[in-house]
Every structure is written in C-alpha cells, then in structure tokens.
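# Descriptive analysis of the structure
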Amino acid sequence: MTEPNPKPRWQKSTYSEEGSSCVYIAPGTTPDTIRLRESDTPEEILTTARPQLRALIAAIKANVTP
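Below: a short report on this structure.

What counts, and at which threshold
Residues numbered from 1 in each chain as written. Predicted model: local features only at pLDDT ≥ 70, side-chain atom pairs only at ≥ 80, totals over all residues. Heavy atoms only, no water. Helix = DSSP H or I, 4+ residues; strand = E, 2+ residues; numbered from the N terminus. Buried < 20%, exposed > 50% of the residue type's maximum accessible area, 1.4 Å probe, protein only. Contact = heavy atoms within 4.5 Å. Pairing = 2+ DSSP bridges. 1 Å grid on protein atoms, 1.4 Å probe; cavity = no way out; pocket = protein on both sides within 12 Å on 5 of 7 lines; lining within 4 Å. Points joined across faces, edges and corners; volume = space filled by probe spheres on them. Nonpolar A, V, L, I, M, F, W, Y, C, P; charged D, E, K, R; others polar. Expected span 1.5 Å × (residues − 1).

## Describing the overall build of the protein
Per the secondary structure count, the protein includes 1 helix and 4 strands. Taken from the N to the C terminus, the helices and strands of the protein come in the order β-β-β-β-α. Sorting the 66 residues of the protein into buried and exposed places 15% on the buried side. Sequence separation of at least 24 residues holds for 10% of the intrachain contacts in the protein that already meet a minimum separation of 6.

## Focus on the environment of Ser21
Following the sequence through the fold, Ser21 ends up in the loop between β1 (11-12) and β2 (23-27). By relative accessible area, Ser21 is classed as partly exposed at 42%. Separated by 17 residues in the primary sequence, Ser21 and Glu38 place their C-alpha atoms 7.0 Å from one another.

## Observations concerning the pairing of strand β3 (residues 33-38)
Note on strand geometry: in a regular strand, side chains alternate between the two faces of the sheet. Pairing analysis gives 5 bridges linking β2 to β3, with the strands arranged antiparallel. Note that in β3 the partner of Val23 across the bridge is Glu38. The antiparallel hairpin formed by β2 and β3 contains 5 residues in its connecting segment. Where β3 and strand β4 (residues 41-49) come together, 5 bridges link them in antiparallel fashion. Its bridge partner lying in β4, Thr33 is registered against Ala49.

## Observations concerning the layout of surface pockets
In this structure, the largest pocket spans a volume of roughly 510 Å³. Along the wall of the largest pocket there are 19 residues; nearest its centre are Val23, Ile25, Leu36, Leu53 and Ile57. Counting residues per element, the lining of the largest pocket draws most heavily on helix α1 (residues 50-61), at 7 residues. Of the residues assigned to the lining of the largest pocket, the class counts are 11 nonpolar, 2 polar and 6 charged.

## Digging into the pairing of β2
Where β1 and β2 come together, 2 bridges link them in antiparallel fashion. Residue pairing across strands places Lys12 opposite Tyr24, the latter belonging to β2.

## Some thoughts on α1
Spanning 12 residues, α1 covers 16 Å between terminal C-alpha atoms, matching the ideal 16 Å at 1.5 Å per step. Among the residues trailing α1, Asn63 stands out with phi positive, at a value near 60°.

Encoded structure:
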C-alpha cells in the first residue's frame, strides 16, 4: 500500500555552494510537478509544472526576462 501524501525526498541543487543558501528540489504530488524550497525558509514550498520550471531556468541562463 502506498502512502497517500508521502514525505518529499529533498535533493540539494548541485549549483548550491557549501555554507550558502541552498535550493532544494523534490518530486511534486503528480508526475508533472516539482517542489522547490530554499534552505533559509524550508517551510515555504513552491510547486510548479516541470515545463514552466524548465523555461524559467533556460531564461535565467540566457539572461532573458520570461
């Protein structure tokens, strides 16, 4: 039997430096979503769709405002 709302398995971003504020990601509650949180405020969790997050990261890397 699967747990209805399993505890997220958070993974630290590989771009976060040691000792600095870190971004963590975890799978969302559906296959097409992902959760994000920041180490300074771990109780604040953002949920977004994977395509939108992918577009945001691409825009940031290209230094473009989406």
